[in-house]
Amino acid sequence: MATIAINLKEGTIESTQDVIVGIDLGTTNSLVAYMKEGRPVCVKDSNGQSALVPSVVHFAENEEIIVGDAAKKKLISDPGNTIYSVKRLMGKSFRDVQNLEGFFGYRILDDDTESLVKVRVKDRFYTPIELSACILRELKTRIEQELKASVSKAVITVPAYFNDNQRQATRDAGKLAGFDVLRIVNEPTAAALAYGIGNPQQDNSGEPETIAVYDLGGGTFDISMLKIENGVFEVLATNGDTFLGGDDFDQAIVSFWLKQLNIEMKILTEEKDFGQKIRLLAESAKKALSTAEVFEDDLNGKTVRLTRRELDTLITPLVERTLDCCKNALRDAQLTPNQIDKVVMVGGSTRVPLVINTVSGFFGRPVFNNLDPDEVVALGASIQADILAGNQKDLLLLDVTPLSLGIETIGGLMDVIIPRNSKIPIRAGRQYTTSVDGQKNLKISVFQGERDLVEHNRKLGEFILQGIPPMPAGLPKIDIQFILNADGILTVRARELRSNLEQEIDIRPTYGISEEEMGLMLLESIRNAQADMQIRGLLEARNEANNILLGGEKFLSQNTQILDETEKTTINALLNTLREAASGQDKDIIHGAIDDLNTYTMPIAHRAMDITIREVMKGKKV
Ligand code: AMP
């Protein structure tokens, strides 16, 4: 088994010699890089100024989708239609992110379920995958303009702590943007590669090394401990703070200046333009003080000033918080600071001298920071891409799965368990449950391919897990494991965890399929990515609507005493609208109906809960 590359224009399979790009799909900014004359470079904007594309998507009045700097300008003037920080939503459900409400200036569909988050823009609902695909398309255009050729293969980086769902969502976004995503790489691994760490061509001692990658961006902080041996990277521990970064430094400066000018903090929310102006000035001051000792400028006719010393005092508590995370990661990896061989700095905020000195002091050694900290991850991703293209001879290319493997779930959808290009041997699994009360059997159909509907993929086999003890729907826990061994044999094992009922089959996924056929399957998946995503969106929306309808009907029948006639009629009408929407073809209408129902019933549900609690307190009910 090996990596397969395809030419999207010709529909042919290619050798892996052509360009594969490296993409850093960031929370705040994204970048694309490639190998130019043997060296990794990031692609800059048309003025040759900046390689950073702000990860912001704006939906304009005329339906146009704007990405990057122009979209960022709309954050203040049109926040409801301008989406930022979408990476924080990748692979998450509303329940995962409900505590972040208030952070986002745009609307997230409150469906109070485990299904993946949707962002509401006017009357349309977008998944984080679709929004990320907008950013990736912008990067694709940028690199294609630079190379004057079409580019279809990419390596995309993700944080080391991303789980399977988040990684799969990133792959899907790549596919939707028209990329054949050859590999998802951990950001700290890419950063290390950018410095030649773990690349035998440049670092041939062969000794295992332990490194720390300290990544302080605009809004997030990550620390990762990695062990590198013979070109293989193992993540020993990760830690971090999803709300700590350069933005907090700016905020500290803003508060300091407001105090000096005797202005109350509430001006920031009351006078948005002033708030934006002082924040931008604070960021300029911080950046200037990375090299200068004093900053001075005019703010609406008043002079604001900041020295490096003052800045250091303001941000010391924030930098200390990053050290707490470092200590936690070291503890989890069972390491002490002096056991770390190298420290790599990533992220724009690692330009701050206090950060460099504090981190270097903590680990007791100089840090690696001579590359542009905004670019290291993308540069490393392009080195990884080059390795996959077979251009770095000393690096081992491991055997990988040529096509994704998964099972059929509700509505005929493909649920990928082992993504394409995973290194083998590999073991991966997921838990499922039943959808009907008292269900005794569960059919497990195993498929191979990249399309969203199993009917377009290749069926490898199926079996029935028989004799599940009768339980209400949703209660059984059925663990499905895919074990692909080094010889390419796939064992699919299903086990009901409460009863220990177990069944399995062995399959050879590559049996009876040629490389050409695999290439064609891939090509089809990318060609149909948009249509597939739409049908997946519709099927998932219908499924969610059906669950909510069941819950809604139950709620009505259980709470008749506390509802007045108007409420009953309104809820019934909203349920009917949802029922009708669910039998239609438009997922946005379904989500709209879910949103309307939830918005109306939320206060009633809270009231019902309060009444139940009061009754319990009175001792009436236990
Ligand atoms: P990132 O999320 O990695 O793109 O990092 C962005 C953060 O880096 C923002 O908070 C920037 O203000 C900060 N930053 C960029 N350049 C500098 C600089 N020269 N000195 C200090 N902070 C910087």
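Residues numbered from 1 in each chain as written. Predicted model: local features only at pLDDT ≥ 70, side-chain atom pairs only at ≥ 80, totals over all residues. Heavy atoms only, no water.

The secondary structure content of the chain amounts to 16 helices and 28 strands. Relative to the globule expectation of 25 Å for 622 residues, the C-alpha radius of gyration of the chain, 26 Å, shows essentially globular dimensions. Dimensions of the chain, computed from C-alpha atoms along their principal axes, come out at roughly 70 × 65 × 50 Å. Within the chain, the fraction of its 622 residues that count as buried is 52%. Within the chain, contacts between residues at least 6 apart in sequence are counted, and of these 64% link residues at least 24 apart. On the chain, roughly 28,900 Å² of surface is accessible, and the fraction owed to carbon and sulfur atoms is 48%. One finds the centroid of the 70 positive side-chain charges in the chain at a distance of 2 Å from the centroid of its 89 negative side-chain charges. (Helix = DSSP H or I, 4+ residues; strand = E, 2+ residues; numbered from the N terminus. Rg over C-alpha atoms; globule rule 2.2 N^0.38 Å. Buried < 20%, exposed > 50% of the residue type's maximum accessible area, 1.4 Å probe, protein only. Contact = heavy atoms within 4.5 Å. Areas by Shrake-Rupley, 256 points an atom, 1.4 Å probe, with all protein chains shown as cover. Lys, Arg positive; Asp, Glu negative; His and termini not counted. Charge placed at Lys NZ, Arg CZ, Asp CG, Glu CD.)

A word on the pattern of salt bridges. Evaluated as defined, the whole model comprises 33 salt bridges. A salt bridge links Asp588 to Arg124; the shortest N-O distance between them is 3.1 Å. One end of the pair, Asp588, is in helix α16 (residues 587-617); the other, Arg124, is in strand β12 (residues 124-126), with 464 residues separating them in the sequence. Relative accessible area serves as the criterion here: at 11%, Asp588 is assigned to the buried category. Notably, a salt bridge pairs Glu293 with Arg308, separated by 3.8 Å at the nearest N-O pair. In this pair, Glu293 is assigned in the loop between α9 (272-288) and β18 (294-299) and Arg308 in helix α10 (residues 308-332), connecting sequence segments 15 residues apart. (Salt bridge = Lys/Arg side-chain N within 4 Å of Asp/Glu carboxyl O.)

Before going further, it helps to spend a moment on the domain arrangement of the chain. Domain parsing of the chain yields domain 1 (18-245 + 314-398), domain 2 (405-515) and domain 3 (530-617). Taking only C-alpha atoms, the centre of domain 2 and the centre of domain 3 are 31 Å apart. Contacts between the two partners involve 8 residues from domain 2, matched on the other side by 7 residues from domain 3. Both sides of the domain 2 and domain 3 interface together cover about 650 Å² of buried area, and 53% of this is carbon and sulfur. Put simply, domain 2 and domain 3 have 2 salt bridges between them. In this structure, Asp452 and Arg536 form a salt bridge, with 2.4 Å as the shortest nitrogen-oxygen distance. At the surface where domain 2 touches domain 3, the tally comes to 4 residue pairs in polar contact (both at pLDDT 80 or more). (Domains from an automatic or database assignment. Buried area = accessible area lost by both parts, 1.4 Å probe. Polar contact = N/O pair within 3.5 Å; in protein donor to acceptor, adjacent residues only side chain to side chain.)

Here we come to the sheet that holds strand β9 (residues 82-83). Taking strand neighbours across the sheet as the criterion, the 3 strands line up as β8-β7-β9 in an open arrangement whose pairing is antiparallel. Because the sheet does not close on itself, it has two edges, and the strands there are β8 (65-67) and β9. Bridge count between strand β7 (residues 57-59) and β8: 3 bridges; the pairing is antiparallel. Bridge pairing in β8 places Val57 opposite Val67. (Pairing = 2+ DSSP bridges.)

What follows covers empty space enclosed by the protein. Counted according to the given criterion, the structure contains 4 cavities of 30 Å³ or more. Lining of the largest cavity is provided by 13 residues; of these, Glu187, Pro188, Asp215, Asp222 and Ser224 occupy positions nearest its centre. Elements supplying a minimum of two residues to the lining of the largest cavity: α6 (187-194), β15 (209-216) and β16 (221-229). Per-element tally for the lining of the largest cavity: the top contributor is β16, with 3 residues. When grouped by side-chain class, the residues that make up the lining of the largest cavity number 8 nonpolar, 2 polar and 3 charged. (1 Å grid on protein atoms, 1.4 Å probe; cavity = no way out; pocket = protein on both sides within 12 Å on 5 of 7 lines; lining within 4 Å. Points joined across faces, edges and corners; volume = space filled by probe spheres on them. Nonpolar A, V, L, I, M, F, W, Y, C, P; charged D, E, K, R; others polar.)

With that settled, the discussion passes to the pairing of strand β20 (residues 342-346). Of all 5 residues that make up β20, 5 are buried, and the element is covered over most of its length. Alternating residues of β20 divide into Lys342, Val344 and Val346 and Val343 and Met345, and every residue in both groups is buried.

Right, let's get into the sheet that holds strand β17 (residues 232-241). Here 4 strands make up an open sheet; going across it, the order is β17-β16-β15-β20 and the pairing mixed. For this open sheet the edge positions go to β17 and β20, each flanked by a neighbour on one side alone. This sheet shows a mean twist of 20 degrees between the axes of neighbouring strands, independent of strand direction. Sheet topology note: the β16/β17 ladder contains 9 bridges and is antiparallel. (Axes fitted to C-alpha atoms, helices over the stretch in contact; angles between N-to-C directions.)

Quick look at the pairing of β16 now. Burial within β16 is extensive, with 7 of its 9 residues counted as buried. Bridge count between β15 and β16: 8 bridges; the pairing is antiparallel. Looking at the pairing, Val213 lines up with Ser224 of β16. Where β15 folds back on β16, the antiparallel hairpin that results is connected by 4 residues.

Turning our eyes to something else, we now look at the site of the ligand. In the neighbourhood of the ligand, 16 residues make up the surrounding shell, with Gly218, Glu283, Lys286, Ser290 and Arg351 lying closest. In the model, an oxygen atom of the ligand is placed 3.1 Å from a nitrogen or oxygen of the Asn29 side chain. Within the contact set of the ligand, an oxygen atom lies 3.3 Å away from a backbone nitrogen or oxygen of Ser349. Look at the ligand: alone it shows 510 Å² of surface, and the protein chains cover 85% of it. Secondary-structure elements contributing two or more residues to the shell around the ligand are α7 (246-260) and α9. In terms of residues, the shell around the ligand owes the most to one element, α9, which gives 3 residues. (Near = heavy atom within 4 Å.)

Here we come to the packing of aromatic side chains. Counting across every chain of the model gives 12 aromatic pairs. Here the aromatic rings of Phe103 and Phe104 are separated by 4.9 Å at their centres, their planes lie at 80 degrees, and the arrangement is edge-to-face. Exposure remark for Phe104: the relative accessible area of 9% places this residue in the buried category. Between the NZ or CZ atom of Arg88 and the centre of the ring of Phe243, over which it lies, the distance is 4.2 Å. (Phe/Tyr/Trp six-rings, centres within 6.5 Å; stacked < 30°, edge-to-face > 60°. Lys NZ or Arg CZ within 6 Å of the ring centre and 35° of its normal.)

Looking now at helix α13 (residues 515-527). In a regular helix each residue adds 1.5 Å, so 13 residues correspond to 18 Å; α13 covers 18 Å between its end C-alpha atoms and thus fits that length. Listed in full, the buried residues belonging to α13 are Met518, Gly519, Met521, Leu522, Leu523, Ser525 and Ile526. (Expected span 1.5 Å × (residues − 1).)

Right, let's talk about the side chain of Arg183 for a bit. Among the secondary structure elements, Arg183 is positioned in strand β14 (residues 180-186). Excluding its chain neighbours within four sequence positions, the residues that come into contact with Arg183 are Ala154, Val155, Ile156, Gln384, Leu388, Val400, Asn421 and Lys423.

Before going further, it helps to spend a moment on the nonpolar core. Counting residues in hydrophobic clusters, the biggest one holds 49 residues, and the most contacted among them are Val21, Ile23, Leu89, Tyr106, Leu136 and Phe179. It is helix α4 (residues 128-147) that contributes the most residues to this core, 8 residues altogether. When sequence neighbours within four positions are dropped, the list of residues in contact with Val21 reads Val32, Ala33, Tyr34, Ile143, Val151, Lys153, Ala154, Val155, Phe179 and Ala385. Within the second largest apolar cluster, 47 residues are counted, among which are Ala237, Val319, Leu323 and Val343. (Core = buried A, V, L, I, M, F, W, Y, C linked by side-chain atoms within 4.5 Å.)

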